[in-house]
Amino acid sequence: MGKTLFDKIWDAHVVKSVAKGLDVLFIDQHYVHEVTSPQAFDGLRNRGVQVLFPERCTATTDHNVPTVNQLKPIKDPLSATQVASLRENCKEFGIDFYGIGHEKQGIVHIIGPELGITQPGMTIVCGDSHTSTHGAFGTIAFGIGTSQVEQVLAAQSLILNRPKTMKIEVRGKLGFGVSSKDVILYIISNLGTQGATRHFVEYAGAVFLNMSMEERMTICNMSIEMGARGGLVGIDDKTINYVTSKTAIDEEKIAYWKSLNTDQDAKFDQVILLKGEDIQPMVTTGTAPDTGVSFGKNIGDASHLSEKALKYMQFKPEEKVDDQKIDYVFIGSCTNGRIEDLRIVANLVKGKKKANNVSVWVVPGSMKVRRQAVKENLDKIFLEAGFEFREPGCSACLAMNDDKIPPGSLCVSTSNRNFEGRQGDGARTVLASPLTAAASAITGKITDPRVFLNDN
Amino acid sequence: MIINSTTIPLPIDNVDTDQIIPAKFLKQIDKKGYGKNLFRNWRYLEGNTPNPSFILNAPERQNAAILLAGNNFGCGSSREHAAWAIADYGIRAIIATQFADIFKGNAYNNGILPIELEKQHVDSLTQASLDNPNLKIKIDLKRQKVVSSELGIKESFDIHPFKKQCLIEGVDETAFLINLRPEIQKFESKQTQLI
Ligand code: SF4
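What counts, and where the lines are drawn
- Residues numbered from 1 in each chain as written.
- Chains lettered and ligands numbered in written order.
- Predicted model: local features only at pLDDT ≥ 70, side-chain atom pairs only at ≥ 80, totals over all residues.
- Heavy atoms only, no water.
- Contact = heavy atoms within 4.5 Å.
- Buried area = accessible area lost by both parts, 1.4 Å probe.
- Salt bridge = Lys/Arg side-chain N within 4 Å of Asp/Glu carboxyl O.
- Polar contact = N/O pair within 3.5 Å; in protein donor to acceptor, adjacent residues only side chain to side chain.
- Nonpolar A, V, L, I, M, F, W, Y, C, P; charged D, E, K, R; others polar.
- Pairing = 2+ DSSP bridges.
- Helix = DSSP H or I, 4+ residues; strand = E, 2+ residues; numbered from the N terminus.
- Buried < 20%, exposed > 50% of the residue type's maximum accessible area, 1.4 Å probe, protein only.
- Core = buried A, V, L, I, M, F, W, Y, C linked by side-chain atoms within 4.5 Å.
- Disulfide = S-S within 2.5 Å.
- Phe/Tyr/Trp six-rings, centres within 6.5 Å; stacked < 30°, edge-to-face > 60°.
- Lys NZ or Arg CZ within 6 Å of the ring centre and 35° of its normal.
- Near = heavy atom within 4 Å.

Undergrad: Would you explain the interface of chain B and chain A in this entry?
TA: When the parts come together, some accessible area is lost, and that loss is often what is quoted as the size of the interface. Contacts between the two partners involve 54 residues from chain B and, on the opposite side, 65 residues from chain A. Between chain B and chain A lies a buried interface of about 5,200 Å² when both sides are counted; carbon and sulfur atoms form 57% of it. Joining chain B to chain A, the criterion identifies eight salt bridges. Taken together, the connections running from chain B to chain A amount to 30 residue pairs in polar contact (both at pLDDT 80 or more). Looking at the side of chain B that touches chain A residue by residue, the class counts come to 19 nonpolar, 19 polar and 16 charged.

As structure tokens, this is what we get:
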């Protein structure tokens, strides 16, 4: 019987088995950020051990960093200490560190791919659940806790039980105005927040094959929101072209990568089949990412919507999402903070102005994305539209810095989580694609982006 | 390891780690003192007043070491701070129908026992706890049993033998991996040829 891409990568990384179903798995690449690592470095010091392979670690500051006047000292002393600790820890243990102001700084899941560090066939971890993003390159990439961060620093390995495999195949074609964010919101609303728990997902079928690498990253990013350990996409010419455009790769390696794809006769523990034609632009209505609904439907038609969530969101089941008045739009995060996302937004808003009732924050995912956006004059389009174009970081995705949505305010956000208080205490979040966020910024209401798009 | 304790019923599905410990409390660089902010936004009203209707604030639940959770407990962010907050608060075991994967691993690594039981059993334990706050439940890790003689419940739970051994003998997985370093280094030198 054939093997899946997941199985091939996993098997190639087993150092040894410690017990039935429990493997010591070698980790090729470890990404590190300031929030989930300080206690792990302390652990190393307490044990008196060095980092085993510092060259396999890359660190950046993203969660705490200000997105305005970034080079000034951070006002919050706790954030400042956390950021400074990472710098010192990286120096002490010899790890590449891209801190505030560094030309390579950015959200950890944005910089890994754009620097050519993320490569097919790898095992990749980070103390961050959205590490699944890197699966777009045909990798086994997943989030870990701080104890495991310490283990990877100390031994470049983890003791893991092998997840089950799930194939999510979306056949056919996407309709007009439907983007990859809509696809993943649709999948999650079908499966629920725990539909893929214990599983590693492979996204297969024409819809994913037709996507750009950036669109695939948006898909894989949100795998965790349906409970999956991670998600990945097969390796094709797009994958290889992306990586070779960032860094030099020899032919032998490329041949190896191609051999990793799922064999035709491979079996998955679970298979889900969906049709691209069934997917419409979507927004969430509740306080979990599985509460998506398409435009024109009643809020009460959304899947997995609880009374508690409705109450928090101040929505009524008989209302439609269309035309709900909003206060904020956040465009950014590791889900949709890449240059392609900014281009899509700029394209829609060019020559238009934001509605008076909204504040719009565009936060690029990295310094590189920001520089590129400026080079393409996207910043001017944003400023003319009345948007704020900020400096890179996680920002209002989790509101650990000053970028907080005020209590009770409604925000259309391109990030990945709409949990209670995620964007600030009492903040109400509606997850959406960059297109929907852009359209909503212009009208000041939750808006189907197709009204702004030209069908031909 | 035997835990014999009263319980805290929290029958809410999909409790994410942002609720267990909100992001603004993740700024420390040590592991201490997170318990006071456990379920912060549910536990306190504006201005630090304890929310009287939240179960953690009920006087009769103060010394409980077992949390009876809903389905998919600990989903969302990988922050181990959630497990640190739960352990620091004094909870030693959580019973739910299912845990999110990363949280489950974090719980083990902090000596918290995540127990998965079938829904009917979680539901009846939760109802019994709501009816009688003084109800005690016994968890016997060695025998892998959740017992309440009062309710006539004696349910088995699964745990990987390696995890069980780690919890009972206090085996430190990190030390285990550090001991494997020579083998891991040898593996790495082969590995670099391809990846
Ligand atoms: S952008 Fe949001 S989801 Fe992504 S790493 Fe930062 S905080 Fe996490």
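Moving on, there is more to tell.
Undergrad: It is not clear to me how the pairing of strand β6 (residues 137–140) of chain B should be interpreted in this structure. Could you clarify?
TA: One face of the sheet, then the other: side chains in a regular strand alternate in exactly this way. Residue and element names in this part refer to chain B. Two strands pair when backbone bridges link them, and strand β1 (residues 2–5) and β6 are joined in this way by four bridges, in the antiparallel orientation. Across the sheet, the residue bridging to isoleucine 2 is aspartate 140, located in β6. Summarising the sheet, β6 and strand β7 (residues 145–148) pair through three bridges and their orientation is antiparallel. Each residue of the ladder has a partner; that of isoleucine 139, found in β7, is valine 146. Remark: four residues form the turn of the hairpin made by β6 and β7, two consecutive strands paired antiparallel; glutamine 144 in that turn has positive phi of roughly 55 degrees.

Undergrad: Looking at this structure, I do not really get the pattern of salt bridges. What am I missing?
TA: Residue and element names in this part refer to chain A. All chains considered together, the criterion is met by 32 salt bridges over all chains. Across the pair arginine 162 and aspartate 7 runs a salt bridge whose closest N-O atoms are separated by 3.0 Å. Of this pair, arginine 162 sits in the loop between β8 (157–161) and β9 (164–171) while aspartate 7 sits in helix α1 (residues 5–11), and the two are 155 residues apart along the sequence. Of the residues examined, arginine 162 reaches a relative accessible area of 32% and is grouped as partly exposed. The buried category is assigned to aspartate 7, whose relative accessible area is 16%. For lysine 167, the salt bridge is made with glutamate 169, and the minimal N-O distance between the two is 3.3 Å. In this structure, a network of salt bridges that share partners links the residues Lys3, Asp7, Asp11 and Arg162.

Undergrad: What is the right way to look at the environment of aspartate 128 of chain A in this model?
TA: Residue and element names in this part refer to chain A. With respect to the element layout, aspartate 128 can be found in the loop between β6 (123–126) and β7 (140–143). Exposure remark for aspartate 128: the relative accessible area of 9% places this residue in the buried category. Sequence-wise, aspartate 128 and asparagine 377 are 249 residues apart; in three dimensions their C-alpha atoms are separated by 32 Å. A distance of 3.2 Å separates the side chain of aspartate 128 from the side chain of histidine 63, its partner in a polar contact.

Undergrad: In this structure, what is going on with the pairing of strand β1 (residues 14–19) of chain A? I would like to understand it.
TA: All names here are of chain A. In terms of strand pairing, β1 meets strand β2 (residues 22–26) through four bridges, oriented antiparallel. For alanine 19, the partnering residue across the bridge sits in β2 and is leucine 22. Connecting the antiparallel pair β1 and β2 is a turn made up of two residues, with glycine 21 showing a positive phi of about 75 degrees.

Undergrad: Can you help me understand the nonpolar core in this one?
TA: For soluble globular proteins, nonpolar side chains are generally found buried alongside one another. Ranked by size, the top nonpolar core spans 80 residues in total, and within it Val349, Phe382 and Phe387 of chain A together with Phe39, Phe73 and Ile94 of chain B carry the most contacts. Those residues in contact with phenylalanine 39 of chain B, other than ones at most four positions away along the chain, are Leu10, Val15, Gln19, Ile20, Phe54, Leu56 and Phe73 of chain B. Formed by 73 residues, the second largest nonpolar core is a distinct cluster that contains Phe41, Val51, Cys57 and Ile240 of chain A.

Undergrad: When you look at helix α5 (residues 146–155) of chain A in this model, what are you seeing that I'm missing?
TA: Most of α5 of chain A sits inside the fold, with ten of its ten residues counted as buried. Backbone geometry just after α5 of chain A places glutamine 156 of chain A at a positive phi near 50 degrees.

Undergrad: I tried to follow the state of the cysteines on my own but got confused; where do I start?
TA: Disulfides are covalent bonds that connect the sulfur atoms of two cysteines. Counted according to the given criterion, the structure contains zero disulfides over all chains. Summary of cysteine pairing: cysteine 57 of chain A is not part of a disulfide, and the nearest cysteine sulfur, belonging to cysteine 90 of chain A, is at 8.5 Å.

Undergrad: How should the packing of aromatic side chains be read in this particular structure?
TA: The description of two aromatic rings rests on the distance between their centres and on the angle between their planes. Residues and elements named next belong to chain A. For the structure on display, the rule yields 18 aromatic pairs over all chains. Both rings, one in phenylalanine 382 and one in phenylalanine 387, keep their centres 6.1 Å apart while their planes meet at 10 degrees; by these two values the pair is stacked. Each member of the pair, phenylalanine 382 together with phenylalanine 387, is buried. Members of the aromatic cluster, connected to one another through ring pairs, are Phe6, Trp10 and Phe200. Of note, arginine 56 hangs over the ring of phenylalanine 53, and the distance from its end group to the ring centre comes to 5.9 Å. Looking at lysine 246, its charged tip hangs above the ring of tyrosine 242, at a distance of 4.8 Å from the centre.

Undergrad: I would appreciate a short explanation of the site of the ligand in the present structure.
TA: Around the ligand, a shell composed of His63, Ile107, His109, Asp128, His130, Ser333, Cys334, Cys394, Cys397, Leu398, Asn416 and Arg422 of chain A is seen. Taken together, the residues that form the shell around the ligand break down as five nonpolar, five polar and two charged.

Function-wise, these values are silent; they only describe arrangement.
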